[in-house]
Amino acid sequence: MLHIQNRELVVPGQLIAEGGYRVHEGAFREGEQVYASVVGLADLRGQDIQIIPLQGRYIPKRGDVVIGVVVDSHYSGWILDMDSPYTGNLFVSDLLQRKVDLVREDINQYLSMGDVVVAKVKDVDERMRVQLEAGEPGMGRVEGGKLVKVSPTKVPRVIGRKGSMLNTLQDVGECRLRVGQNGRIMIWGRDPRMINAVVEALLMIEREAHTSGLTDRVHLMLEKIKSEGGE
Amino acid sequence: MYKIVSSVKRDYIADLVRQGKRIDARTLDQFREISIEVGPVKSAQGSALVKIGKTQVIAGVKVEHAEPFADKPDSGMLIVNAELLPLASPTFEPGRPSENAIELARVVDRGIRESDAIDLEKLVIKSSEDVWAVFIDIYVLDHDGNLIDASALAAMAALLNAKPLEDEAWTLPEFPIQKKPVAVTVAKINDKLMVDPCLDEEGVMDARITIATIEDGSICAMQKGGIKCFSREELEQAYELARVKGSELRAKLG
Amino acid sequence: MKKPEKLIVDGKRLDGRTPDELRPLKIEAGILERADGSASVELGANKVLAAVYGPREMHPRHLQQPDTAVLRCRYNMAPFSVDERKRPGPDRRSVEISKVTREALEPVLFLELYPRSAIDVFIEVLQADAGTRTAGITAAAVALADAGVPMRDMISSVAVGKIDDTRVLDLTKDEDNWGTTDMPIAMMPRKKLITLLQMDGHFAKEEFGQALDLAFKGCEQIYGAQRQALRDKYAIKKGE
């Protein structure tokens, strides 16, 4: 038996359902009862219960694409801050996708402190030690552009269903975006005015993530700014 | 905790500044939105909550009996203390006051003390024995840059809000304020000067200068910070900014 | 102010409340920009802020626990929060309150989800009128939820006591000074499990039970305000 409606806002400890439901993130079971563990929106699909959190820090998961900042180095690689409780370790061999002779090659030529890197979570162990890799096309060190930050819980909304929101941002905003699951987003574009417009749009998505018709509103807003032309 | 600013952010801010623009679309001589709420803390003699953008600082004034310093038997005392609360930023840690907290308190202190904002001679109850000590406690609640200006403004607003003490030794009709010093901090990024640096700008600024002025535009305290330098022309330009912006801030004190 | 002859006259307390009445209560969630989660609680003349940072990397590293997050709490009073200026920095009282606050909050947190990390709770009392530790815990629980830290339940907290031989809810400073008993309590409102209990003064056998009844009633009301504060912050605003 369900005690709440789908998409209802719930708070920690709130009773959601009783019975044999499958319990996913944001909820927990005590005997027959299922409760919310976070502030979020209930996502109820058949026998599956999940609470979509509205707040919270990024916790790395294998396969996630993240945007990291180099904060330290060691003899065979770098430590990346991911705006998470956990840093990521990137071996030079996982950046270059080849064996590296550490005696002959100076790895400092590849990355320095403060560099921004697009990487993928290769592995997370039970103690939350994170290995990264950055060999795929489009990964590795980032050049130029603007780095912005949204709450990691809003990333699915920034991407949208089948990438619809991301397409709108890129096509109408005339910018190229790279979205990290950790909430960091890189924006590249020719017109600083449109870059700022996309940043505005991202802030709007973050603010109104839980409302409907958002993609259309973002579209309208970007079109409007575009039609206003230069200063 | 040392914070590394990403190269992308540094380049982006520097690039905007080169065009005379800022990351939050302000002009170089523009403060963020400022609000002053006076008297939020009733347990204090006077108090004020100042917001500059997302930065929030609360200041509380307490007045107590004290024995004067031996070399100043006929003067009340002023003690300014600042707390960079760990609540206000992920980089603030609990424990003894950091050098930044001490610098902040001392810069605010100098502005108030050197301008004679408080008529300390009126705060004497009995020469060499009993005077009033004015404590200004600055509480940083949310750190999004430019703590000095927000703190100085909060301290001054709290002093102006201070009520006469309910104590038989207190004989003054009101709290003896005679000047309104106001601090304006000017940051330098890539040879451009700007007022009221936000946190992102502080993260990449080369240097800053804080200039406290009083009503007639004269200077009562200054403090340079940061690891790079200012030319003479830049200092004159910074003073002009501080004078003009200072009078705008002062108007907000009422 | 001198101690009045009676603290309860015709069933009314000095501030006009009945014995089982809470002071005016206002809770707001998400009031600070930098913190991961935050809340303010105003209860009568009390003004308390709480901020949560985390889960975040634990420093110093030797305090990391391989299989769980570590909860750290700091309760602190502003120098201007009380009549006589309080010297800044921790004293024995605030160290003890910080400890019992941590123990009051920890039972509801799923700390095991975040190995090696730290969750920091900072409580700042801006204006004090008795009951600051319980107001701080109430605020901290809302701030933890606001930070997205998974919780089994809320924690709601209030003090009860005895004045003029009557059990009363939520004592003011005057009542605390002149009354005989003060008992701060924190509980999980859903399961009615107590996570903080301190007491000084005197309760006869049956009085203790009556005081607990009052505390449960008070916490129920506080719990409602906590949930409302979270809903108000996140609710879909009409017209948007």
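Our structure is the block above this text.
Residues numbered from 1 in each chain as written. Chains lettered and ligands numbered in written order. Predicted model: local features only at pLDDT ≥ 70, side-chain atom pairs only at ≥ 80, totals over all residues. Heavy atoms only, no water.

### Looking at the environment of E105 of chain A
Residue and element names in this part refer to chain A. For clarity, the cut-off: Strands are runs of DSSP state E lasting at least 2 residues, helices are runs of H or I lasting at least 4, and numbering of each runs from the N terminus. Any two residues having at least one pair of non-hydrogen atoms within 4.5 Å are treated as being in contact.
Checked against the element boundaries, E105 lands in the loop between α1 (92-96) and β11 (116-124). Each C-alpha atom, one on E105 and one on C175, is 36 Å from the other, the two residues being 70 residues apart in sequence. Contacts of E105, omitting those with residues within four sequence positions, involve L96, R98, V100 and Y110.

### Considerations on helix α1 (residues 92-105) of chain C
Residue and element names in this part refer to chain C. To be explicit about the condition: Under the convention used throughout, the expected extent of a helix is 1.5 Å for every residue step, that is, one less than its residue count. Burial classification: accessible surface area is computed with a 1.4 Å probe over protein chains only, and a residue below 20% of its type maximum counts as buried, one above 50% as exposed, and the rest as partly exposed.
Its 14 residues give α1 an end-to-end C-alpha distance of 20 Å, which sits within 8% of 20 Å, the value for a rise of 1.5 Å per residue. Looking at α1, one finds that the buried residues are S94, I97, S98, V100, T101, A104 and L105. Here the buried face of α1 lies against β6 (70-77), β7 (117-127), α2 (132-146), β10 (181-188) and β11 (193-197).

### Describing the packing of aromatic side chains
Here is the rule: Between rings of Phe, Tyr and Trp, where Trp is taken as its six-membered ring, a pair exists when centres lie within 6.5 Å; planes separated by under 30 degrees are stacked, by over 60 edge-to-face, and by other angles tilted. Note on criteria: charge over ring means Lys NZ or Arg CZ within 6 Å of the ring centre, with the direction from the centre no more than 35 degrees off the ring normal.
Considering all chains together, one arrives at 6 aromatic pairs over all chains under this definition. Ring plane angle 55° and centroid distance 5.4 Å describe the contact between W132 of chain B and W170 of chain B, whose orientation is recorded as tilted. Of this pair, W132 of chain B sits in strand β6 (residues 130-142) while W170 of chain B sits in the loop between α3 (147-161) and β7 (182-189); the two residues are 38 residues apart in sequence, bridging distant segments of the chain. Residue class for W132 of chain B comes out buried when judged on its relative accessible area of 3%. Looking at W170 of chain B, the relative accessible area reads 9%, which means it is buried. An aromatic cluster is built from F28 and Y35 of chain A together with F110 of chain C, whose rings are joined through pairwise contacts. The ring centre of F110 of chain C lies 4.2 Å from the NZ or CZ of R152 of chain C, which sits over that ring.

### Points about the pairing of strand β15 (residues 175-179) of chain A
The side chains of a regular strand alternate, residue by residue, between the two faces of the sheet. Residue and element names in this part refer to chain A. Convention followed: Pairing between strands is defined by DSSP: at least two bridges between them are needed.
Only one face of β15 is covered, namely the one carrying C175, L177 and V179; the face carrying R176 and R178 has none of its residues buried. For β15 and strand β16 (residues 184-189), the ladder comprises 5 bridges, and the chain directions are antiparallel. Residue R178 lies in a different strand from β16, and its bridge partner there is M186. Hairpin connection from β15 to β16: 4 residues lie between these consecutive antiparallel strands, with G183 at a positive phi of about 95°.

### A word on the environment of A152 of chain B
Residue and element names in this part refer to chain B. Relative to the helices and strands, A152 is located in helix α3. Taking C-alpha positions, A152 is 9.0 Å from A59, a pair spaced 93 residues apart along the chain. Excluding residues that lie within four positions of it along the chain, A152 makes contacts with V108 and A183.

### A look at the sheet that holds strand β3 (residues 25-29) of chain C
Residues and elements named next belong to chain C. To be explicit about the condition: For helices, the fitted line uses only the C-alpha atoms of the stretch in contact; every axis is such a line through C-alpha atoms, and the angle between N-to-C directions lies from 0 to 180 degrees.
Strand order in the open sheet formed by 5 strands is β3-β4-β5-β7-β6, with mixed pairing between adjacent strands. Sheet topology places β3 and β6 at the edges, where each strand pairs with a single neighbour. Put simply, the sheet's adjacent strands are angled 15° from each other on average, direction ignored. Bridge count between strand β5 (residues 46-57) and β7: 9 bridges; the pairing is antiparallel. Pairing of L49 across the sheet is with E124, part of β7. Against the sheet, α1 engages β6 and β7, with an angle of about 140° to β6.

### A short note on the packing of helix α3 (residues 164-173) of chain A against helix α5 (residues 214-228) of chain A
All names here are of chain A. Filter applied, for reference: Our angle categories are set so that under 35 degrees counts as roughly parallel, over 145 as roughly antiparallel, 65 to 115 as roughly perpendicular, and the remainder as oblique. Residues are sorted three ways: Asp, Glu, Lys and Arg are charged, Ala, Val, Leu, Ile, Met, Phe, Trp, Tyr, Cys and Pro are nonpolar, and all the rest, Gly among them, are polar.
At a minimum axis separation of 10 Å, α3 and α5 run at an interaxial angle of 5°. The angle between α3 and α5 falls in the class roughly parallel. Of α5, the residues touching α3 (which contributes S164, M165, T168, L169, D171, V172 and G173) are L214, T215, V218, H219, L222, E223 and K226. In terms of residue class, the contact of α3 with α5 is built from 6 nonpolar, 5 polar and 3 charged.

### Some thoughts on the state of the cysteines
Residues and elements named next belong to chain C. Filter applied, for reference: By definition, disulfides here are pairs of cysteine sulfur atoms that lie within 2.5 Å.
Enumeration according to the criterion identifies 0 disulfides over all chains in this entry. Of all cysteine sulfurs, the one in C219 lies closest to C73, which takes part in no disulfide; the gap is 17 Å. Of the residues examined, C73 reaches a relative accessible area of 17% and is grouped as buried.

### Looking at the sheet that holds strand β5 (residues 33-36) of chain A
All names here are of chain A. With respect to topology, 3 strands assemble into an open sheet ordered β2-β5-β4, the strand pairing being antiparallel. The strands lining the two open edges of the sheet, one partner per strand, are β2 (15-18) and β4 (27-30). With strand direction ignored, the average angle separating the axes of adjacent strands in the sheet is 25°. Relative to β5, β4 runs antiparallel, the two sharing 4 bridges. Each residue of the ladder has a partner; that of R29, found in β5, is V34.

### Comments concerning the interface of chain B and chain C
Note the following rule: Accessible area that two parts lose when put together, evaluated with a 1.4 Å probe and summed over both, is termed the buried area. Just to be clear on terms, a salt bridge is a Lys or Arg side-chain nitrogen sitting within 4 Å of an Asp or Glu carboxyl oxygen. For this analysis, a polar contact is any N or O atom pair within 3.5 Å, provided that within protein one partner can donate a hydrogen and the other can accept it, and provided that sequence-adjacent residues contribute only side-chain to side-chain pairs.
Opposite the 30 residues of chain B that make contact, chain C presents 28 residues. Summed over both sides, the interface of chain B with chain C buries roughly 2400 Å², with 60% coming from carbon and sulfur. Per-residue buried area on chain B facing chain C is highest for K62, L87 and Y139 of chain B; these three make up 25% of the total on that side. Remark: the boundary between chain B and chain C carries 2 salt bridges. Note that D137 of chain B and R85 of chain C form a salt bridge whose closest N and O atoms lie 2.6 Å from each other. Counting every contact that joins chain B to chain C gives 19 residue pairs in polar contact (both at pLDDT 80 or more). Those elements that place two or more of their residues in the side of chain B that touches chain C are β3 (55-66), β4 (77-84) and β6 of chain B.

### Some remarks on the interface of chain C and chain A
Each side of the interface is counted separately: chain C has 31 residues, and chain A has 27 residues. Buried surface at the junction of chain C and chain A, summed over both partners, amounts to about 2500 Å²; 59% is from carbon and sulfur atoms. There are 2 salt bridges connecting chain C and chain A. The tally of links between chain C and chain A comes to 13 residue pairs in polar contact (both at pLDDT 80 or more). Looking at the side of chain C that touches chain A element by element, the count peaks at 5 residues for helix α4 (residues 205-234) of chain C.

### What about the side chain of K188 of chain B?
All names here are of chain B. Within the element layout of this structure, K188 appears in strand β7. A polar contact is formed between the side chain of K188 and the backbone oxygen of C229, at a distance of 2.5 Å. Other than its neighbours up to four places away in sequence, K188 contacts L193, M205, D206, A207, C229, F230 and E234.

### Digging into unusual backbone geometry
Glycine aside, a negative phi is what most residues show, and trans is what most peptide bonds show. In this chain, G54 of chain C is followed by P55 of chain C through a cis amide linkage whose omega measures 0°. Relative to the helices and strands, P55 of chain C resides in strand β5. That bond from H59 of chain C to P60 of chain C is cis: its omega, -5°, falls within 30 degrees of zero. Structurally, the position occupied by P60 of chain C is in the loop between β5 and β6. Despite not being glycine, D83 of chain A shows a phi value in the positive range, around 55°.

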